[in-house]
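One letter stands for each residue in the lines below.
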Amino acid sequence: LIPTIGITGTPAIDTTTHTIYVVAVSKVNGTIVQYLHALDVVALTEKFGGPTEIVASVAGTASDGNGSTVTFIAKEQNERAALLLENGHVLIGWSSHCDANIWHGWVMSYNASTLAQEGVFNTSPNGQYGGVWMSGGGIAADSSGNIFFPTGNGTWNGTTDYSDSIVELGPPSGGSFPVNDY
């Protein structure tokens, strides 16, 4: 991961549109940023107006927020899980970058043909940690579009913070995901 982070999560390929989706971490003007790229598998050129910078925030009282909002900090998050391409959605999961305090587990969905962000979920918006580590594996989905993933160590309360859990989220809606079960 040093000196350049680059791509750490396994990409997803859409064989019907000949598109490979990757998340890349870069240093731009001294700032760490993360981008979702949709690349033509033959020409390796950007598609769908990409790349799209990954930015997000959720309601929460975690100590790294402002008291009411927790923001995705690209420098503190590492996209380790394989991307999932499911029914027109690109799903991405994050955990920490070298366990640097404070971090959270995040799951985000992007529209596969526009790269527009569709949903954001933070595993510990009122606490900390709870990474979506996956050891190179990926988020899973069922035929209804529900997604499933495990989370690591961190804050748990069963209502907003879901560390050390297997989480089931419904399809993205209105910029977030409903929690179906854990």
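Everything that follows concerns the structure shown earlier in this document.
The notes below deal with the structure included here. Numbering of residues starts from 1 in every chain and runs along the sequence as written. Confidence filtering applies because this is a predicted model: local features only for residues at pLDDT of at least 70, side-chain atom pairs given and counted only at 80 or more, and all residues used for totals across whole chains, interfaces and linings. Calculation of side-chain values draws on the structure's entire complement of heavy atoms; hydrogens and water are dropped beforehand.

### Section: the packing of aromatic side chains
No. 1: Under the pairing criterion, centres of Phe, Tyr and Trp rings, with the six-membered ring standing for Trp, must be within 6.5 Å; the plane angle then separates stacked pairs below 30 degrees from edge-to-face pairs above 60, leaving the rest tilted. Using the criterion set out here, one finds eight aromatic pairs in the structure.
No. 2: Measuring from centroid to centroid gives 5.6 Å for phenylalanine 72 and tryptophan 106, while their planes differ by 85°, and the two rings are edge-to-face. Of this pair, phenylalanine 72 sits in the loop between strand 6 (69-71) and strand 7 (77-78) while tryptophan 106 sits in strand 10 (residues 106-111), and the two are 34 residues apart along the sequence. One exposure class covers both phenylalanine 72 and tryptophan 106, and it is buried.
No. 3: Ring centres of tyrosine 162 and tyrosine 182 lie 5.4 Å apart, and the angle between their planes is 55°; on these two criteria the pair is classed as tilted. With tyrosine 162 in the loop between strand 13 (147-150) and strand 14 (166-169) and tyrosine 182 in the segment after strand 16 (179-181), the pair connects residues that are 20 residues apart, well separated along the chain.
No. 4: Under the scheme applied here, a residue whose accessible area is under 20% of the maximum for its type counts as buried, over 50% as exposed, and between as partly exposed, the area being computed with a 1.4 Å probe on protein chains only. For tyrosine 182, a relative accessible area of 44% gives the class partly exposed.
No. 5: Of the aromatic side chains, those joined through ring pairs into one cluster are Phe121, Phe149, Trp156, Tyr162 and Tyr182. Strands here mean DSSP runs of E at least two residues long; helices mean DSSP runs of H or I at least four residues long; both are numbered from the N terminus.

### What to know about the side chain of threonine 19
No. 1: Relative to the assigned elements, threonine 19 resides in strand 2 (residues 19-28).
No. 2: Accessibility expressed as a relative area gives 0% for threonine 19, which makes it buried.
No. 3: Whenever a nitrogen or oxygen atom comes within 3.5 Å of another N or O atom, the pair is scored as a polar contact, on the condition that within protein one atom can donate a hydrogen and the other can accept it, and that pairs from neighbouring residues in sequence are kept only if both atoms are in side chains. Of the polar contacts made by the side chain of threonine 19, one reaches the side chain of threonine 17; its length is 2.8 Å.
No. 4: Among the polar contacts made by the side chain of threonine 19, one reaches the side chain of lysine 47 at a distance of 2.8 Å.
No. 5: Two residues qualify as a contact provided that any one of their heavy atoms is within 4.5 Å of a heavy atom in the partner residue. Discounting chain neighbours no more than four positions away, the residues touching threonine 19 are Ala12, Ile13, Asp14, Ala38, Leu39, Val41, Lys47 and Phe48.

### Remarks on the pairing of strand 11 (residues 117-122)
No. 1: Burial within strand 11 is extensive, with five of its six residues counted as buried.
No. 2: When DSSP finds two or more bridges between a pair of strands, those strands are recorded as paired. In the sheet, strand 10 pairs with strand 11 via five bridges, with the strands oriented antiparallel. From the neighbouring strand, valine 107 faces strand 11, where its bridge partner is phenylalanine 121.
No. 3: Linkage of strand 10 to strand 11, two consecutive antiparallel strands, is achieved through a turn of five residues, within which leucine 115 is found at a positive phi near 65°.

### Things to note about unusual backbone geometry
No. 1: For the bond from glycine 50 to proline 51, the omega torsion is 0°, close enough to zero to count as cis.
No. 2: Mapped onto the secondary structure, proline 51 falls in the loop between strand 3 (31-40) and strand 4 (52-53).
No. 3: Look at phenylalanine 48: it is not a glycine, yet its phi comes out positive at around 55°.
No. 4: Relative to the elements of secondary structure, phenylalanine 48 occurs in the loop between strand 3 and strand 4.

### Re the pairing of strand 14
No. 1: Note that strand 13 and strand 14 share four bridges and pair antiparallel. Counted as the bridge partner of phenylalanine 149 is valine 167 from strand 14.
No. 2: Where strand 14 lies against strand 16, two bridges are found, and the strand directions are antiparallel. For glutamate 168, the partnering residue across the bridge sits in strand 16 and is aspartate 181.

### As for a nonpolar patch on the surface
No. 1: Patches were defined on residues exceeding 30% relative accessible area and lacking a salt bridge, with like-charge contacts within 9 Å and nonpolar side-chain contacts (Val, Leu, Ile, Met, Phe, Trp, Tyr) within 5 Å. To be clear on the numbers: accessible area is Shrake-Rupley with a 1.4 Å probe, and residue cover counts the displayed protein chains and nothing else. By salt bridge we mean one thing: a side-chain nitrogen of Lys or Arg within 4 Å of a carboxyl oxygen of Asp or Glu. A surface patch of nonpolar side chains, about 290 Å² in accessible area, is lined by Ile13, Val41 and Val42.
No. 2: Judged by relative accessible area, which is 34%, valine 41 ranks as partly exposed.

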